[in-house]
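For reference, the chains in residue letters:
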Number of protein chains: 2
Amino acid sequence: MNAPASLNHLLPQITLRTVPQALLDALKTRFGDQFSAAMAVREQHGRDESAFTVPPPSAVVFAQSTQDVADAVKLCAQYKVPVIPFGVGSSLEGHLLAVQGGISLDVSRMNQVLSIQSDDLTVTVQPGVTRKQLNEAVKSTGLFFPIDPGADATIGGMSATRASGTNAVRYGTMRENVLALEVVTASGDIIRTGTRAKKSSAGYDLTRLMVGSEGTLGVITEVTVKLYPLPEAVMAATCSFGSLADAVNTTIQLIQLGVPIARCELLDANTIRMVNAHSKLTLREGAMLLMEFHGSPAGVKEQVETVQEIAAEFGGQTFEWAETPEERTKLWTARHNAYFAGVQSRPGCKAITTDTCVPISHLADALLDSVTEAQEAGIPYFLVGHVGDGNFHMGYLIDPDNPEERETAERLNTQLVQRALQLGGTCTGEHGVGLHKQGFLLEETGNGAVDMMRTLKRALDPDNILNPGKIFSL
Amino acid sequence: MNAPASLNHLLPQITLRTVPQALLDALKTRFGDQFSAAMAVREQHGRDESAFTVPPPSAVVFAQSTQDVADAVKLCAQYKVPVIPFGVGSSLEGHLLAVQGGISLDVSRMNQVLSIQSDDLTVTVQPGVTRKQLNEAVKSTGLFFPIDPGADATIGGMSATRASGTNAVRYGTMRENVLALEVVTASGDIIRTGTRAKKSSAGYDLTRLMVGSEGTLGVITEVTVKLYPLPEAVMAATCSFGSLADAVNTTIQLIQLGVPIARCELLDANTIRMVNAHSKLTLREGAMLLMEFHGSPAGVKEQVETVQEIAAEFGGQTFEWAETPEERTKLWTARHNAYFAGVQSRPGCKAITTDTCVPISHLADALLDSVTEAQEAGIPYFLVGHVGDGNFHMGYLIDPDNPEERETAERLNTQLVQRALQLGGTCTGEHGVGLHKQGFLLEETGNGAVDMMRTLKRALDPDNILNPGKIFSL
């Protein structure tokens, strides 16, 4: 198996494609104030949370409607120029970067909640609606949208990267929660995939082909997702363990027993320290599970009792409860800020994040060895995990100007991913492939599957204009 | 909108493609006893539970391994001859019929449970394993596979049609439960899609592209599915109502409240009569919900109390309990045999089945008007429904030799499907498109989406050899 391509190896192979002045003029004419070629705007659309630096797109179009998207794509198609969808820029894998040049298509102004169908537990939104905005909009219905990747990402971006996050262990990922899409194709046509019916056997599952396609097969212009009744009772607790292994083994056992836990997150002692410093908390500095339980009062009580029993077997401390909604919000905000807490712990550093997911029985093998390796390498790191799903992230906190540290981080990442693959896991649980994981994708699925992806891409986007250079090379 | 193509309109357009003797000879040489051109075998592979009659395939290959499948497909590809995967022949939509001629590829002998990964709640099987066989094989682990389309279908066939059935309201469909596949492509290559990780963002979702593709994009040779812990407590009950509307409205409300009911099935009085006669039962002859509750003892008690309260509001009778596993089995067997009970109620008849699924709030509109129309048309019918999902089936019991009855049934079906589509639903909740629903698919998704499906098909199967003529015309 080949070692994965790091961006350093990848970038020199990429040629920026020409963006003719005629296209820029045509876009300016069509979009007026919704078009910008100002360097500040281009630069803002030329970076995300990844550790890559590439030239910005040649211009940015701010779409306000599906027709805007269709017209922008049609113009780019006419000149065979790349078009890169942009939401809020929270991607971690370089999805937004114009690695072959082109136009950034910003859909953040398409931020209307189009229709709340509370009687059907569904809602239809434009792609620029963020998950927090969505939950605010549906609050009065007694329903909520559980998918929570941490960042206040857009529903369009979350669909495009098949995002998940803390609640996925109970409610599934975007794969399970997107019912239907409106999509602008590479030729600028507008299609609809799926209906609001909960299930369907009506032909190819175009919805799920688009979910996770990272903007390479179409631009998402409308999304219908499932909502869930707000649980009658919610309880959140932390539990500290004497070792990381004990916390992980508690998780494995509760999943194997089928406890319908809503959130089951892991932080190690090192990361708790960072979070305490960043969020001014006093969490006990040890391996810790952060858990949330949803259900009826009796159901939640039952879940808590079961998990407490399991945790006690592995030496877990008594649960500490976040009693009020405010305390819960504080706890989960601290968890969501772990990434920033990590980055802040080493001023000037860049985080190289990893994102594997393994079958639950292999979680201890995958996670513990990776932590040991990081510690042995002496590189600062943080560790967070949606461990109920077998998914965890390490972030190696490197000095970006120190090539040796970058190399060490890349080596650790490679070891971590290859271990996950050997254990039957995946190279990305929720961040997507983007630029960084193309070699790993090949290792994971083999040439045959990636060739099939390429065939699909060539069929749906023959001129390779939709977010080219992502997921695989053509 | 055009009226959907009935088979009568469809068949004359189809030309049987030539199956050269050289291919038959080559298959005979390669497969020996695993090859048959005997008319009885061909005929057995040339019919399913649909109401269509077409010439049988030219021969049948009984694959015993993935390599057998790959070799058979390669030989057919060489001669550009259709190859039609075959499991147990329980399709209701003509999926198995050699409408363009060709070779039936029977995978029923590929019936090994390859690996039970009970610690991960997953199992990997060959495609010919049936759902009952699978549950027998995992019984000792305390886990079960919930997807239950009624027929003892193969896991391969269930994957190919995106099947679901009675438990889907709680556990999802094959869409949510297939983790990974091994697939033989149109060129005879073997690829793997997905891993055993519970979630992944690693490239295009080839697994879900294959699930529901009805054998038109690849032949499934291995399936990894999720398992679930057997619930600690299971309770099943029936509840009779004064009207169909009351039963439907009870269902709508319990779903809107988020009750995690495991099964929620509807039969009308007319169908109960048929079931009683067929299964020698004495179920009360009224609109009836058949329900099953899974969970902890306390959780089940809570669910039951909630549903009883709702049912009482709609005039539901006291629940009648199936107390023992044997009684539950009897009840669900009777439910599963409703199709056969219907057919038996009119000797010599054929059932024209329908299969729409609508957003739950529209279930009453969709279902009640369809029943009224059938009653007004004076055609015998049965009605069953996985109503918790908004999915129901009517079966019109027609005299196959009476063209007028067939026409009436087709008209009723068309009205029923178009009503469902107008209500935001789908033309098939779980049976698939096959031959009969191609016009409806077009109405449902529009030309753009079906054109995209055609583009995918042409890209992955340029010679159109994989189960041609299904889902859409090329």
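Structural notes, computed from the coordinates. (Residues numbered from 1 in each chain as written. Chains lettered and ligands numbered in written order. Predicted model: local features only at pLDDT ≥ 70, side-chain atom pairs only at ≥ 80, totals over all residues. Heavy atoms only, no water.)

**Remarks on the packing of aromatic side chains**
What the rule picks out here adds up to 12 aromatic pairs over all chains. Aromatic side chains A:Phe472 and B:Tyr204 sit 5.6 Å apart centroid to centroid with 85° between the ring planes, which places their arrangement in the edge-to-face category. In this pair, A:Phe472 is assigned in the segment after helix H17 (438-460) and B:Tyr204 in the loop between strand E9 (190-193) and helix H9 (206-210), connecting two distinct chains. Side by side, A:Phe472 and B:Tyr204 carry an identical accessibility label, which is buried. One aromatic cluster in this structure is built from A:Phe144, A:Tyr171 and A:Tyr228. Here A:Arg30 stacks its cationic end above the ring of A:Phe31, 4.4 Å away from the centre of that ring. (Phe/Tyr/Trp six-rings, centres within 6.5 Å; stacked < 30°, edge-to-face > 60°. Helix = DSSP H or I, 4+ residues; strand = E, 2+ residues; numbered from the N terminus. Buried < 20%, exposed > 50% of the residue type's maximum accessible area, 1.4 Å probe, protein only. Lys NZ or Arg CZ within 6 Å of the ring centre and 35° of its normal.)

**Quick look at the interface of chain B and chain A**
Between chain B and chain A, the residue contacts involve 77 residues of the former and 77 residues of the latter. Broken down residue by residue, the surface that chain B buries against chain A is led by B:Lys199, B:Ser201 and B:Tyr204, which jointly contribute 16%. Remark: the boundary between chain B and chain A carries 6 salt bridges. A:Asp389 is the partner of B:Lys198 in a salt bridge, and the nearest nitrogen-oxygen pair spans 2.7 Å. Elements supplying a minimum of two residues to the side of chain B that touches chain A: helix H7 (168-171), helix H8 (174-177), E9, H9, helix H10 (244-256), helix H12 (297-313) and helix H17 (438-460) of chain B. A total of 12 residues in the side of chain B that touches chain A trace back to one element, the largest contributor, which is H17(B). Grouping the amino acids of the side of chain B that touches chain A by side-chain chemistry returns 30 nonpolar, 30 polar and 17 charged. (Contact = heavy atoms within 4.5 Å. Buried area = accessible area lost by both parts, 1.4 Å probe. Salt bridge = Lys/Arg side-chain N within 4 Å of Asp/Glu carboxyl O. Nonpolar A, V, L, I, M, F, W, Y, C, P; charged D, E, K, R; others polar.)

**Some points on the environment of B:Glu232**
All names here are of chain B. Considering the arrangement of structural elements, one finds Glu 232 in the loop between strand E11 (228-229) and strand E12 (233-241). C-alpha of Glu 232 to C-alpha of Met 210: the two residues are 22 residues apart in sequence and 34 Å apart in space. Glu 232 has contacts with Gly 295, Ser 296 and Pro 297, leaving out every residue within four places of it along the chain.

**Some points on unusual backbone geometry**
A positive phi angle, near 55°, is found at A:Lys80, a position not held by glycine. On the secondary structure map, A:Lys80 appears in the loop between helix H4 (66-78) and strand E3 (83-86). Classification of A:Lys80 as partly exposed rests on a relative accessible area of 47%. Phi at B:Lys280 takes a positive value of approximately 50°, unusual for a residue other than glycine.

**Quick word on the pairing of strand E6 (residues 122-125) of chain B**
Residues and elements named next belong to chain B. Residues of E6 alternate between two faces, with Thr 122 and Thr 124 on one and Val 123 and Val 125 on the opposite face, all of them buried. Judged from the 4 bridges that link them, strand E5 (residues 113-117) and E6 form a sheet pairing that is antiparallel. By the bridge assignment for E6, Ser 115 is matched with Thr 124. Taking the residues that link successive antiparallel strands as the turn, the E5-E6 hairpin has 4 residues, and the phi of Leu 121 there is positive, at about 60°. (Pairing = 2+ DSSP bridges.)

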